[in-house]
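Spelled out, the chains give:
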Amino acid sequence: MSDFNKILLSSSKLSVGYKNGQEKIIIVEDVNLSLKKGTLTTMVGINGSGKSTLLRTLAGLQNPISGEVLLEKSPIKTLDAEIKAKQLSVVLTGQYISKNLTVLELVALGRQPYTNWLGKLSEEDKVHILNAINATELEALKNTACHALSDGQFQRALIARALAQNTEVILLDEPTTHLDLHHKASIFSLLKTIAHEQQKTILSTSHDIELVLGMSDEMLVIHNGKATQDTPKNLTESGIFEQLFPDNIIGFNKENQRFFIR
Amino acid sequence: MILLFVVNIALGSVLIPLKAIIQIILGDDSVKEAWQYIILDYRIPKALAAIMTGSGLAVAGLMMQTLFKNPLAGPFVLGISSGASLGVAFFILGGSALGLSAFVVPNGWGTILAASLGSFAVLSIVLLVASRVRDAMALLIIGLMFGSLTAAVVSILAYFSPAEELQRYMFWSFGSLGDISWDALIILSFCYFIGMILAFSVTKSLNSLLLGDHYAQTLGVSLQKSRFIILIATSILAGSLTAFVGPIAFVGLAVPHLIRQWFTASNHWTLMPACVLGGAVLMLFCDTLAQMPLFEFSLPINAITSIIGAPVVIWLLIRKKKLLF
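Just so it is clear, the structure is predicted and the values come from calculations on it, not from any experiment.

Caption draft 1: How the structure looks around the overall build of chain B. A tally of regular secondary structure across chain B gives 15 helices and zero strands. Buried residues in chain B amount to 54% of all 325 residues. Here the contacts in chain B between residues at least 6 apart in sequence split such that 78% fall between residues at least 24 apart. Counting only carbon and sulfur atoms, one obtains 73% of the accessible surface of chain B, whose full area is about 14600 Å².

Caption draft 2: Main features of the packing of aromatic side chains. Residue and element names in this part refer to chain A. What the rule picks out here adds up to five aromatic pairs over all chains. A centroid spacing of 5.2 Å and a plane angle of 50° characterise the contact between F241 and F252, whose relative ring orientation is tilted. Highlighted residues: F241 in helix α9 (residues 240-244) and F252 in strand β12 (residues 250-253), separated in sequence by 11 residues. For F241, a relative accessible area of 1% translates into the label buried. On the basis of relative accessibility, which here comes to 6%, the residue F252 falls in the buried class. Taking 5.4 Å as the distance between ring centres and 80° as the angle between the ring planes, the aromatic pair formed by F245 and F259 counts as edge-to-face.

Caption draft 3: Examining the UniProt feature "transmembrane region" (unreviewed entry) in chain B more closely. Under the local residue numbering, the UniProt record ascribes the feature "transmembrane region" (unreviewed entry) to residues 44-64, 76-103, 109-130, 137-160, 180-200, 228-259, 271-290 and 297-318 of chain B. Along residues 180-200 of chain B, the helical share is 90% and the strand share 0%, with 26 Å between the first and last C-alpha atoms.

Caption draft 4: Focus on the side chain of T41 of chain A. Its place among the elements puts T41 of chain A in strand β4 (residues 40-44). If we ignore the near neighbours within four places in the chain, the residues touching T41 of chain A are L35, I202, L203, S204, E218, M219 and L220 of chain A.

Caption draft 5: Local environment of the environment of L231 of chain B. Looking at where L231 of chain B falls in the secondary structure, it is placed in helix α12 (residues 223-245). The spatial distance from the C-alpha of L231 of chain B to the C-alpha of L123 of chain B is 9.1 Å, given a sequence separation of 108 residues.

Caption draft 6: Representation of the nonpolar core in the model. In terms of nonpolar packing, the biggest core is built from 90 residues, with M63, M64, F68 and L78 of chain B touching the most fellow members. The element contributing the most residues to this core is helix α3 (residues 33-68) of chain B, with 17 residues. Ignoring anything within four residues of it in the chain, the contact list for M64 of chain B reads K69, A73, G74, P75, V77, L78, I230, L231 and T234 of chain B. Membership of the second largest hydrophobic core comes to 78 residues, among which are I202, L203, M219 and F241 of chain A.

Caption draft 7: Up close: the pattern of salt bridges. Residues and elements named next belong to chain A. Evaluated as defined, the whole model comprises 12 salt bridges over all chains. Note that K126 is salt-bridged to E123, the shortest N-O span being 3.9 Å. Remark: E123 and K126 occur in helix α4 (residues 123-135); sequence separation between them is three residues, near one turn of the helix. Judged by its relative accessible area of 38%, K126 is partly exposed.

Caption draft 8: Structural detail: the interface of chain B and chain A. With 23 residues of chain B at the interface, the matching set in chain A holds 31 residues. Summed over both sides, the interface of chain B with chain A buries roughly 2400 Å², with 61% coming from carbon and sulfur. Contact with chain A buries area across many residues of chain B, yet K204, Y215 and T218 of chain B alone supply 28% of it, more than any other trio. Counting the contacts that link chain B with chain A gives eight residue pairs in polar contact (both at pLDDT 80 or more). When residues of the side of chain B that touches chain A are assigned to their parent elements, the largest contribution, four residues, is made by helix α11 (residues 213-218) of chain B. Among the residues making up the side of chain B that touches chain A, the classes are represented as 10 nonpolar, nine polar and four charged.

Caption draft 9: Representation of the packing of helix α9 (residues 182-201) of chain B against helix α14 (residues 268-290) of chain B within the structure. Residues and elements named next belong to chain B. Relative orientation of the contacting elements α9 and α14 amounts to 160°, with a least axis distance of 11 Å. By the angle class used here, α9 and α14 are roughly antiparallel. Our pair here, α9 against α14, has a crossing hand that is right-handed. Contacts from Y192, M196, A199 and F200 of α9 reach α14 at W269, M272, P273 and V276.

Caption draft 10: Structural detail: a nonpolar patch on the surface. A contiguous nonpolar surface patch, about 540 Å² in accessible area, is contributed by I2, V6, L18, I22 and L26 of chain B. Topologically, L18 of chain B is positioned in helix α2 (residues 18-25).

Caption draft 11: The arrangement of the sheet that holds strand β11 (residues 226-230) of chain A in detail. Residues and elements named next belong to chain A. With mixed pairing, six strands are arranged side by side in an open sheet as β7-β8-β9-β4-β10-β11. Two strands bound the open sheet, and with one partner strand each, they are β7 (88-91) and β11. Direction aside, the axes of adjacent strands within the sheet are offset by 15° on average. As judged from the four bridges shared by β4 and strand β10 (residues 218-223), these two strands associate in the parallel manner. Bridge pairing links V44 to V221 in β10. Set on the sheet, helix α5 (residues 151-164) makes contact with β7 and β8 (169-172); between it and β7 the angle comes to about 175°. Of the strands in this sheet, β4, β8 and β9 (201-205) are in contact with helix α6 (residues 181-197), which crosses β9 at around 160°.

Caption draft 12: Representation of the pairing of strand β5 (residues 66-71) of chain A in the model. Residue and element names in this part refer to chain A. Direction of pairing for strand β1 (residues 7-20) relative to β5: antiparallel, over a ladder of five bridges. By the bridge assignment, S11 is partnered in β5 with V69. Where β5 folds back onto strand β6 (residues 74-75) in an antiparallel hairpin, the turn is made up of two residues, including E72, whose phi is positive at roughly 50°.

Caption draft 13: Region of the structure containing the packing of helix α4 (residues 80-92) of chain B against α12 of chain B. Residue and element names in this part refer to chain B. Following both chains from N to C, one finds α4 and α12 inclined at 40°, their axes separated by 9 Å at the closest point. One way to sum up the angle between α4 and α12 is to call them oblique. When the axes of α4 and α12 are compared, the crossing they make is right-handed. Along its contact with α4, which presents I80, S81 and A84, the element α12 presents T234, S235, A238, G239 and T242. Considering only residue class, the contact of α4 with α12 consists of three nonpolar, five polar and no charged.

What counts and what doesn't
- The written sequence of each chain sets the order in which its residues are numbered from 1.
- Here every chain gets a letter starting at A, and every ligand a number starting at 1, in the order they are written.
- Totals for whole chains, interfaces and linings use all residues, but because this is a predicted model, local features are given only for residues with pLDDT of at least 70 and pairs of side-chain atoms are given and counted only at 80 or more.
- Heavy atoms from the whole structure form the basis of all side-chain values; hydrogens and water molecules are not counted.
- Going along the chain from the N terminus, every DSSP run of H or I of four or more residues is numbered as a helix, and every run of E of two or more is numbered as a strand.
- Burial here depends on accessible area, computed with a 1.4 Å probe over protein chains only, as a share of the maximum for the residue type. Under 20% is buried, over 50% is exposed, and the range in between is partly exposed.
- By definition, residues are in contact when any of their heavy atoms lie within 4.5 Å.
- Per-residue and other accessible areas were derived by the Shrake-Rupley procedure at a 1.4 Å probe size, with only the shown protein chains allowed to occlude residues.
- Here is the rule: rings of Phe, Tyr and Trp (six-membered ring for Trp) pair when centre to centre is within 6.5 Å. Planes less than 30 degrees apart are stacked, more than 60 are edge-to-face, and the remainder are tilted.
- UniProt positions are given in the numbering used here, feature names are shortened, and annotations may be inferred rather than shown by experiment.
- Buried residues of nine kinds, namely Ala, Val, Leu, Ile, Met, Phe, Trp, Tyr and Cys, make up a nonpolar core once their side-chain atoms join them within 4.5 Å.
- Take a side-chain nitrogen of Lys or Arg and a carboxyl oxygen of Asp or Glu: if they are within 4 Å of each other, that pair is a salt bridge.
- Once two parts are brought into contact, the accessible area they lose, counted with a 1.4 Å probe and summed over both, makes up the buried area.
- Pairing of N or O atoms within 3.5 Å defines a polar contact, subject to two protein rules: one partner must be a possible hydrogen donor and the other a possible acceptor, and residues neighboring in sequence count only if both atoms are side-chain atoms.
- Gly is placed with the polar residues, together with every amino acid not listed as nonpolar (Ala, Val, Leu, Ile, Met, Phe, Trp, Tyr, Cys and Pro) or charged (Asp, Glu, Lys and Arg).
- Here, axes are lines fitted to C-alpha atoms. For helices the fit covers the stretch in contact, and angles between N-to-C directions go from 0 to 180 degrees.
- Here the angle decides the label: under 35 degrees means roughly parallel, over 145 means roughly antiparallel, 65 to 115 means roughly perpendicular, and every other value means oblique.
- Rotating anticlockwise by less than a right angle from the far helix to the near helix defines a left-handed crossing, while the corresponding clockwise rotation defines a right-handed one.
- Residues enter patches when they are more than 30% accessible in relative terms and free of salt bridges; like-charged ones are connected within 9 Å and nonpolar ones (Val, Leu, Ile, Met, Phe, Trp, Tyr) within 5 Å.
- By this definition, two strands are paired if DSSP reports at least two bridges between them.

If you want it as structure tokens, here you go:
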């Protein structure tokens, strides 16, 4: 139980946004979050609320406007890139990924931080790759090129790649975009299984609030430039979901945790 | 490739028996002196230049396609060949306009120097811009813009030049593997090996770049460093080759695609050596065609590479319907 409640990724007084010349544009400010080991946290908010910006900043891919991100107590920007690569992996959307790669090659690239300059895979690397492929149920597709995969399968392959990287923390940006309800649910149940069984710390953005309410251990709600972290139950009771959308069109039913259109 | 190398040496405008060639290579002095000269000082350097040109441009093209994540990228997208053209154009065409004679430097060294300076100048500008631009796509477009810009300057120069100089410039732009001396070959191979060593040193980073810049970063790759090495390696390879043999079209663009289709691989540890071999083979083959013994003269190598290469890529595209980087 010593690991229980161990905080792996946290931020203090973090403000994220981007710089437009000299002008700083802050999208989300004063974020104080903490992600515990073995939990699935989902980040929700309306389109353009800054979910992806916050996620990229947490991954160290973008500099914060102010404040800092701590990966196991060390500021992320001071960490050496190769050390960071063994502690934090990402699943991103809209990247220019070579679709010539087969699933196996894609997943194997997750082992890059561990291989020598030749990139040769050791037996241990191969075990991690196969485990990742098994966990995402891609055995049958492992020699298929990515351009021949469906969106859902490709998303699973990207998750497998992050698993192969064998990091404590996995950050995912909209892993269920363009997927139907069945695949959305299966991706999130996969993430939940991974978080609980392999004791990974997972943060994923989503705009499908109803779905992730039942799936997440904790949630981070981005609303009006502020971030609130709590359990789904407490957040529901706090009434924050009612305020997310202009209430003349969409309302939220606390009893069954569903949105409805007025 | 060794077979092609021998065939390449064996064929040419002057027919030399294979036996005599072997004797010459083994250092036998009893063979006709003219033949010795043709083989040792013309055909062997030419064949070696063909190997270096083909493999160097193919590797440079592969790196550019991966770096820019664009199947249309080639070794010359950064404006290398247009820079070299500009240098040569200034040297040959600008001569009369600037009151300088193009014949000051003998033996074509002037052209080589001008081409090197030109490609180096354009590249320095592109590299300077590259350090300020973070987006690879923007860099690609900047390279293309520099290409158009230099092409425009060249055409202005051409407009004011006498026909004789224009012809000389045209001959350079046809590309030629034949005009290379052993001295030049040594300088070229020095640049070639430096470029190749740099290229192979970033092979692992190239593999992670297949996932895109963000993923590569989270895999521990230093984007700026890798990108810089890739650009430098490409510049050295394409720049020196263009300076010595002229702008050779097509090889750099087509060979990586042919190799990818052939091996159906994405791993650069497979692709890089395959490109070295494939580029060398294609270039030797094209050069052999260019100097077919039936002709009294050699055809411009640049035309041959395109005549051979373009239909092959078109055929591949029609068959596969898709060209991915």
